[in-house]
Amino acid sequence: MTLVWTIVFAIAFFSLLMASVALHEVGHMVPAKLFGVKVPRYFVGFGPTLWSIRRGETEYGIKAFPLGGFVQLLGMYPPFDPTAKDSRLQRLADDARAAEWEDITPADRGRLFHERATWQKLIVMFGGPAMNLLIAFVLMWGVVGLYGAWRDQPVVASTVNCLVAEPRDDMTCTDADQPTPSVQAGLEAGDRIVAFNGTAIHSQGQLSELIRANMGGEMTLVVERDGTELTLPTVHTLVRQVPATLDPSRAVDAGWLGFMPVSEFQRGGPGEALSDLWLMTRQSVVALAQFPVRVWNLTVDLVTGQPRSLYDPVSIVGASAMAGQVAASDQVDAGARVAFFANLLAAVNLFLALFNLVPLPPLDGGHMAGALWEGVRRAAARLTGRPQPKPLDTAKMVPVTYVVAGFLLLCGLIVIVADIVRPMQLS
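In this report, we go over the structure that sits alongside the text. Fair warning: this is a prediction, and the values are worked out from it, not measured in the lab.

Cut-offs and rules
- Residues numbered from 1 in each chain as written.
- Predicted model: local features only at pLDDT ≥ 70, side-chain atom pairs only at ≥ 80, totals over all residues.
- Heavy atoms only, no water.
- Helix = DSSP H or I, 4+ residues; strand = E, 2+ residues; numbered from the N terminus.
- Buried < 20%, exposed > 50% of the residue type's maximum accessible area, 1.4 Å probe, protein only.
- Areas by Shrake-Rupley, 256 points an atom, 1.4 Å probe, with all protein chains shown as cover.
- Lys, Arg positive; Asp, Glu negative; His and termini not counted.
- Charge placed at Lys NZ, Arg CZ, Asp CG, Glu CD.
- Disulfide = S-S within 2.5 Å.
- Salt bridge = Lys/Arg side-chain N within 4 Å of Asp/Glu carboxyl O.
- Expected span 1.5 Å × (residues − 1).
- Bend = angle between axes of the 7 residues up to and from the residue.
- Axes fitted to C-alpha atoms, helices over the stretch in contact; angles between N-to-C directions.
- Parallel < 35°, antiparallel > 145°, perpendicular 65-115°, else oblique.
- Left-handed = near helix turned anticlockwise from the far one by under 90°.
- Contact = heavy atoms within 4.5 Å.
- Patch = residues over 30% accessible without salt bridge, like charges linked within 9 Å, V, L, I, M, F, W, Y side chains within 5 Å.
- Polar contact = N/O pair within 3.5 Å; in protein donor to acceptor, adjacent residues only side chain to side chain.
- Nonpolar A, V, L, I, M, F, W, Y, C, P; charged D, E, K, R; others polar.
- Phe/Tyr/Trp six-rings, centres within 6.5 Å; stacked < 30°, edge-to-face > 60°.
- Lys NZ or Arg CZ within 6 Å of the ring centre and 35° of its normal.

1. Looking at the overall build of the chain
The helix and strand tally for the chain stands at 11 helices and 14 strands. Across the 427 residues that make up the chain, the buried fraction comes to 41%. When the accessible surface of the chain is totalled, it reaches about 22,900 Å², and 64% of it is carbon and sulfur. A gap of 14 Å separates the mean positions of the 33 positive and 38 negative side-chain charges of the chain.

2. Remarks on the state of the cysteines
Summed over all chains, the structure comprises 1 disulfide. Each sulfur of the disulfide joining Cys162 and Cys173 lies 2.0 Å from the other. Residues Cys162 and Cys173 are joined by a disulfide whose S-S torsion is about -95 degrees; by sign, that bridge is left-handed. Note that Cys162 is positioned in strand E4 (residues 162-163) and Cys173 in the loop between E4 and strand E5 (178-179), a separation of 11 residues in sequence.

3. What about the pattern of salt bridges?
Here the structure, examined in full by the defined rule, presents 13 salt bridges. Between Arg111 and Glu57 there is a salt bridge, with its nearest N and O atoms 2.7 Å apart. Remark: Glu57 occurs in the loop between strand E1 (41-55) and strand E2 (58-72) and Arg111 occurs in the loop between helix H2 (88-101) and helix H3 (118-147); sequence separation between them is 54 residues. When its relative accessible area of 29% is taken as the criterion, Glu57 is described as partly exposed.

4. Section: H3
Spanning 30 residues, H3 covers 42 Å between terminal C-alpha atoms, matching the ideal 44 Å at 1.5 Å per step. Gly127 marks where H3 bends most, by close to 40 degrees; the proline Pro129 follows one to four residues later.

5. Here's the deal with the packing of helix H6 (residues 270-289) against helix H9 (residues 334-356)
Between H6 and H9, the shortest axis-to-axis distance is 10 Å and the interhelical angle comes to 55 degrees. Between H6 and H9, the interaxial angle falls into the category oblique. The interaxial crossing formed by H6 with H9 has right-handed handedness. The segment H6 lies against H9, with Leu277, Met280, Thr281, Ser284, Val285 and Leu288 engaging Ala347, Leu350, Phe351, Leu354 and Phe355.

6. Comments concerning a nonpolar patch on the surface
Where nonpolar side chains cluster on the molecular surface, the patch consists of Val317, Val417, Ile420 and Val421 and spans about 330 Å² of accessible area. Among the elements that take part in the nonpolar patch, helix H11 (residues 398-421) stands out by supplying 3 residues, more than any other. Position of Val421 among the secondary structure elements: in helix H11. Classification of Val421 as exposed rests on a relative accessible area of 56%.

7. Considerations on the side chain of Asp247
Note that Asp247 resides in the loop between strand E12 (238-243) and strand E13 (251-256). On the basis of relative accessibility, which here comes to 4%, the residue Asp247 falls in the buried class. Only 2.5 Å separates the side chain of Asp247 from the side chain of Ser249, close enough to count as a polar contact.

8. Here we look at the packing of helix H8 (residues 316-327) against H9
Put simply, H8 and H9 touch, their axes get as near as 9 Å, and they point 170 degrees apart. In terms of their interaxial angle, H8 and H9 are classed as roughly antiparallel. The way H8 lies across H9 gives a crossing that is right-handed. Along the contact surface, H8 presents Ala319, Met322, Ala323, Val326 and Ala327, while H9 presents Arg337, Phe340, Phe341, Leu344 and Val348. For the contact of H8 with H9, the class distribution of residues is 9 nonpolar, no polar and 1 charged.

9. Description of the packing of aromatic side chains
Inspection of every chain in the model, using the stated rule, returns 10 aromatic pairs. Measuring from centroid to centroid gives 5.7 Å for Phe43 and Phe70, while their planes differ by 15 degrees, and the two rings are stacked. Here Phe43, found in strand E1, pairs with Phe70, found in strand E2; they are 27 residues apart in sequence, far enough to count as distant. Of the residues examined, Phe43 reaches a relative accessible area of 1% and is grouped as buried. Between Trp150 and Phe265 the ring centres are 5.2 Å apart and the planes differ by 65 degrees, which places this aromatic pair in the edge-to-face class. Here Trp150 is found in strand E3 (residues 149-159), whereas its partner Phe265 is found in strand E14 (residues 259-266), with 115 residues between them in sequence. Classification of Trp150 as exposed rests on a relative accessible area of 61%. Grouped by ring-pair contacts, the aromatic residues Phe43, Phe46 and Phe70 constitute a single cluster. The residue whose ring lies beneath Lys63 is Phe43, and the NZ or CZ to ring-centre distance is 4.5 Å.

Following this line, the structure appears as structure tokens:
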């Protein structure tokens with residue numbers, strides 16, 4: 001029965017992901033229509049059409065392979081330039097242009113995307129990622145506000161008494177083991193740390209960053225103990241290998257104090273949700289920058305039979321399977337399952353937003369980069385009194401589009417295969 005529920009919840013999560021993709025395309029379509037751009041087609045999925053309906057000038061539908069979606073904005077490429085020099089690149093651009101201009105009639109002039117102002121192009125292309133960001137924020141706010149989250153506090157739950165000199169069966173501290181800075185300073189369970197080297201402490205996250213940055217330097221703590229503030233003796237923090245804040249898969253040298261903080265389950269508002277979203281954004285940017293390397297490492301591990309790492313990239317298939325595993329588990333309560341479900345969906349939406357902002361075609365960021373460059377050229381022409389340049393021929397980026405699309409398709413297939421052959425196990 002657990003397997004059945006896992007499959008049911010995995011399908012439900014996959015459906016919500018497809019809804020997120022559909023809303024991403026709505027984020028493009030709505031401002032495009034507001035700015036007068038003709039939108040002939042809006043589809044979820046790729047391949048053969050399963051169902052469609054026409055409303056006004058737009059055909060809405062669902063295609064056979066639900067692994068994405070698209071909205072057709074008429075006139076992405078400027079018209080053919082008879083003065084352009086003949087070259088292989090120009091012929092590739094003209095072939096792509098010809099395919100698009102088959103749907104364009106004289107009546108469509110004035111409603112083409114390439115005719116819009118730079119700021120309008122930017123809004124249209126940013127609309128998709130903005131929709132994913134909004135979904136991520138709403139989901140995280142819902143979890144934090146309605147259910148809650150565990151938050152570490154700058155309060156000592158327990159201290160690490162010593163650094164064991166060498167591994168042994170009996171981990172009891174001996175005279176040969178070095179006391180930790182927390183013990184040397186006299187930290188006690190229940191102490192609330194209110195200042196670190198003169199800096200007032202407002203959160204455990206802030207304190208953690210100060211300790212890390214202190215490396216092996218001097219440290220003076222002020223704590224609140226039994227209602228009284230005490231200044232503890234000055235000691236040195238230790239340099240140890242700890243997981244990087246933005247990339248937990250990598251160990252870095254950082255300052256270390258040696259205590260476990262108290263963790264409290266708290267509800268919060270939009271401020272806490274934004275703070276969580278900001279941290280997740282920074283971590284996602286790091287993961288995105290490492291994406292090609294991580295896919296390569298995943299490929300090697302897959303070929304050599306190595307187990308999956310929690311930090312491996314995961315496809316939509318893998319994320320859906322993970323959501324199904326947790327949702328069907330009887331080891332956590334219903335609220336925790338829903339919270340995990342929502343947080344995972346938020347994380348995927350955030351990654352989709354950031355991924356689409358990469359300034360390479362065919363991603364939204366590539367179109368935004370082209371619009372910005374065209375805007376710079378036009379502004380420079382106005383400032384220098386020169387004639388306005390011709391529209392930027394983004395069709396010339398078609399070879400880059402092919403390379404990027406091919407690379408992304410290959411990476412996607414590798415990750416999907418890994419998620420099927422050797423799925424991520426959360427327990």
